[in-house]
Amino acid sequence: MKKREYLSLGGLFIALHLVFILLSRFLPGSSLLLVIFLPLLSAVYTLKFNKKEVAMFLVATLFLCLIFEPISALIYVVPALICGVSYGILKKKNIRELTLVYASSVAHSFSLLVSFLFISLLFKEVEFFDIFSSFIKKEGAAFYCCIYLVLVVLGLIEAFILHLICDNELEKLGYERAKEEEETPNWILIGFSTCFILYVITMFIAPIYTLYLLPFVIAFIVPIIVEFITRNKRKWIYILCGGIMFFAIFLVGIIDPITYPILLIFSFLPVVMEKIVRVLYTFCLKYSNKRKNIIE
């Protein structure tokens, strides 16, 4: 790779960042292009060059954008750089599609939180938290939970949109599309089990804090349900889920309204248990086969 190539391409991409920031100030609705297009630039640059060049690109882009327009840089550029680079690194390692989307979602949600905190510190004279609190009519723990949920949902949506666009555009540039998982990865099953147990424990201690775990519980259980439906096996589990959902209706007036999502999650536990049994059976089968091949 020629030395001048990463410099020229990096300069071009930095200039595009500045141009799009300038457009966002004068063209209404152009900020959507920042959310969609800027992460693609970072992803392409990460795929083409090594860690040293990528680090230089990050520092130079962030430094120049902060000088040019600090607010837009914190709102758009920081999340775009973190999400795009993390997406490029994972794609370079040939990470499969579901893991790619989930990991980039976490990175993007984290970047939004960092940007929000930086803006709050940069403009201490403006009480952002008080403004948001009066706007959504929430205070205390409920207010912080709302901010957290908004950031997580935005991170998930933007990361999913990024994947759809980047996967198609990168294929046009000669890169392979992300491979789909043959089945739901076991780490998702472990993640759901851990978050669900913590959710139930938190529900008895302080129900308001279950909102911090709820996005993860939902994110982990959805792929398991989708996999079960696509396999279209064991019809009796559908009946069992429907029965649990029917009896859960009678608990609506008993439990705290903030923990209502647990009723829906409980309704799909048979699907999760079917997945756990299937994984354990496969593991035991592989282990027993390995034992048979051992010569004592």
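For the structure, see preceding data.
Draft legend 1. Quick peek at the environment of F196. Along the chain, F196 turns up in helix α8 (residues 186-205). Residue F196 is classed as buried on the basis of its relative accessible area of 12%. Separated by 20 residues in the primary sequence, F196 and F216 place their C-alpha atoms 8.8 Å from one another. Aside from chain neighbours lying at most four places away, what touches F196 is V217, I262, I265, F266 and L269.

Draft legend 2. Geometry of the pattern of salt bridges. Scanning the model with the defined rule gives three salt bridges in all. A salt bridge links E227 to K275, with the shortest nitrogen-to-oxygen separation between them at 3.3 Å. On the criterion of sequence distance, the pair formed by E227 in helix α9 (residues 210-231) and K275 in helix α12 (residues 269-292) is long-range, its members being 48 residues apart. As far as the burial class goes, E227 and K275 line up, both buried. When the shortest N-O distance is used, the salt bridge between R278 and E274 registers 3.1 Å. Here the residue R278 and the residue E274 both occupy positions in helix α12, the gap between them amounting to four residues, near one helical turn. Judged by its relative accessible area of 10%, E274 falls in the buried class. Beyond isolated ion pairs, a larger network of salt bridges with shared partners links E227, E274, K275 and R278.

Draft legend 3. Main features of the nonpolar core. Counting residues in each nonpolar core, the largest one holds 28 residues, and the members touching the most others are F192, Y199 and I265. Listed by contribution, the elements that provide at least two residues to this core are α8, α9, α10 (235-248), α11 (261-267) and α12. No other element matches α9, which puts nine residues into this core. When neighbours within four sequence positions are excluded, I265 is seen to be in contact with F192, F196, L214, V217 and I221. Counting 27 residues, the second-largest nonpolar core is a separate cluster that includes V44, A80, V85 and C166.

Draft legend 4. Broad picture of the environment of L213. Looking at the secondary structure, you find L213 in helix α9. Sequence-wise, L213 and T202 are 11 residues apart; in three dimensions their C-alpha atoms are separated by 9.0 Å. Excluding residues within four positions of it along the chain, L213 makes contact with C195, L198, Y199 and T202.

Draft legend 5. Spatial organisation of a nonpolar patch on the surface. A cluster of nonpolar side chains, namely F246, F247, I249, F250, V252 and Y260, defines an oily patch on the protein surface of about 640 Å² accessible area. As for its position among the elements, F250 is in the loop between α10 and α11. With a relative accessible area of 56%, F250 lands in the exposed category.

Here is what the cut-offs are and how they apply
Position numbers for residues start from 1 in each chain and track the written sequence from start to end. Per-residue local features are limited, in this predicted model, to residues with pLDDT of at least 70; the limit for side-chain atom pairs, both in listing and counting, is 80 or more; totals at the level of whole chains, interfaces and linings are taken over all residues. Note that water and hydrogens are dropped before the side-chain values are worked out from all heavy atoms of the structure. The secondary structure listing takes helices from DSSP runs of H or I that are at least 4 residues long and strands from runs of E that are at least 2 residues long, numbered from the N terminus. Under the scheme applied here, a residue whose accessible area is under 20% of the maximum for its type counts as buried, over 50% as exposed, and between as partly exposed, the area being computed with a 1.4 Å probe on protein chains only. Throughout, a residue-residue contact means that at least one pair of heavy atoms, one from each residue, lies within 4.5 Å. What makes a salt bridge here is a side-chain nitrogen of Lys or Arg within 4 Å of a carboxyl oxygen of Asp or Glu, nothing more. The term nonpolar core refers to a set of buried residues drawn from Ala, Val, Leu, Ile, Met, Phe, Trp, Tyr and Cys, joined through side-chain atoms within 4.5 Å. Candidates for patches are residues over 30% relative accessible area with no salt bridge; among them, like charges are joined within 9 Å and nonpolar side chains (Val, Leu, Ile, Met, Phe, Trp, Tyr) within 5 Å. Each accessible area is a Shrake-Rupley estimate made with a 1.4 Å probe; only the visible protein chains count as cover when residues are assessed.

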